[in-house]
Amino acid sequence: NDALLGYLSPETNPSFSNLEDSQGNATNVGFQFTGVVDTYTGTDGTCPNTLMCDFIYLNGGVLDWAITGLLPNSVNYLYFYNYGSAAQSGRAFNMALDTDGNGSLDGVFFVDAAAGGYAANIVASPTGTITGEMQVICCQASWSGFQIESTVPEPASWVLMAGGIVVLAKLRKGRSRPA
């Protein structure tokens with residue numbers, strides 16, 4: 001999905017709804033920013049990869065964002081793209097994430113200028129939201145995009161996990177009795 005603002009850049013609190021999945025089908029997933037967002041569209045052909053030619057950038061500070069419409073409490077795997085060139089190391093940034101769905105930014109992931117960054121086992125909140133914050137490290141943070149994969153345990157896995165918790169609770173209770 002194209003999350004660029006084009007001639008509207010900069011814009012305050014932009015949002016994008018019904019993002020498409022990898023097959024081009026519309027989903028309930030949305031993406032929104034809190035704050036002023038500025039974008040760049042690379043039309044001169046100098047970008048190392050067409051995916052990285054367009055990006056959201058910050059020259060200082062932070063930019064808050066949220067992915068909405070995910071399955072509540074789902075486990076998610078995110079990959080963040082950057083400019084795509086090792087020669088542009090000043091574009092690296094940190095991505096702070098709420099990794100356990102409790103509303104607190106408790107994990108920080110480095111997004112390399114060339115290789116991007118990977119964040120695994122990110123749990124969506126009970127409302128199906130992942131929140132984060134793009135953080136400038138040095139010079140200019142250039143966020144080109146992200147991919148997300150969500151997984152939800154199958155019902156049989158939930159039953160097995162619930163059974164295991166019951167067994168562990170009984171074992172613990174049995175051990176805590178005085179002799």
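Each remark here, short or long, concerns the structure printed above.
Criteria and thresholds
Residues numbered from 1 in each chain as written. Predicted model: local features only at pLDDT ≥ 70, side-chain atom pairs only at ≥ 80, totals over all residues. Heavy atoms only, no water. Pairing = 2+ DSSP bridges. Helix = DSSP H or I, 4+ residues; strand = E, 2+ residues; numbered from the N terminus. Axes fitted to C-alpha atoms, helices over the stretch in contact; angles between N-to-C directions. Phe/Tyr/Trp six-rings, centres within 6.5 Å; stacked < 30°, edge-to-face > 60°. Buried < 20%, exposed > 50% of the residue type's maximum accessible area, 1.4 Å probe, protein only. Lys NZ or Arg CZ within 6 Å of the ring centre and 35° of its normal. Disulfide = S-S within 2.5 Å. Core = buried A, V, L, I, M, F, W, Y, C linked by side-chain atoms within 4.5 Å. Contact = heavy atoms within 4.5 Å.

1. Observations regarding the sheet that holds strand β7 (residues 75–81)
And step 1. Judged by pairing direction, the sheet is antiparallel, and its three strands sit side by side in the order β10-β7-β13 without closing on themselves. A strand with exactly one partner marks an edge of an open sheet, and here the two such strands are β10 (117–123) and β13 (145–151). For this sheet, the mean inter-axis angle between neighbouring strands, taken without regard to orientation, is 15 degrees.

2. A closer look at the packing of aromatic side chains
And step 1. One pass over the full model with this rule turns up 11 aromatic pairs.
And step 2. When the ring of Phe31 is compared with that of Phe146, the centres are 4.9 Å apart and the planes differ by 50 degrees; the resulting orientation is tilted. Within this pair, whereas Phe31 is found in strand β3 (residues 30–34), its partner Phe146 is found in strand β13, the two being separated by 115 residues in sequence.
And step 3. The exposure class assigned to Phe31 is buried, which follows from its relative accessible area of 3%.
And step 4. Phe146 gets classed as partly exposed once you look at its relative accessible area, which sits at 22%.
And step 5. Each residue in the set Phe31, Phe33, Trp65, Phe80, Phe93, Trp143 and Phe146 is aromatic and connected to the rest through ring pairs, giving one cluster.
And step 6. The ring of Tyr83 has Arg91 sitting right over it, with the charged end atom 3.9 Å from the ring centre.

3. Describing the state of the cysteines
Defined simply, a disulfide is a covalent bond joining two cysteines at their sulfur atoms.
And step 1. In total, this model carries one disulfide according to the counting rule given.
And step 2. The disulfide partner of Cys138 is Cys139, and the gap between their sulfur atoms is 2.2 Å.
And step 3. The class for Cys138 is exposed, based on a relative accessible area of 53%.

4. Some thoughts on the sheet that holds strand β2 (residues 15–16)
And step 1. Reading across from one edge, β2-β3-β6-β11-β8-β9 is the order of the six strands in this open sheet, with antiparallel pairing throughout. Strands with a single pairing partner mark the edges of an open sheet, and in this sheet they are β2 and β9 (107–111).
And step 2. With five bridges joining them, β3 and strand β6 (residues 62–68) adopt antiparallel strand pairing. Residue pairing in the sheet places Gly30 in a bridge with Thr68 of β6.

5. A short note on the nonpolar core
And step 1. In terms of nonpolar packing, the biggest core is built from 26 residues, with Phe33, Trp65, Phe80, Met95 and Trp143 touching the most fellow members.
And step 2. Once residues within four sequence positions are removed from consideration, Trp65 is found in contact with Phe31, Gln32, Phe33, Phe80, Met95, Leu97, Ile130, Thr131, Gly132, Glu133, Met134 and Trp143.

6. Re unusual backbone geometry
And step 1. Phi is positive for Asn18, which is not a glycine, with a value near 50 degrees.
And step 2. A residue is classified by how much of its surface remains accessible, and Asn18, at 43% relative accessible area, is partly exposed.
And step 3. Not every positive phi belongs to a glycine, and Asn73 is a case in point at roughly 60 degrees.
And step 4. You can see Asn73 is positioned in the loop between β6 and β7.
And step 5. What makes Asn73 partly exposed here is its relative accessible area of 45%.

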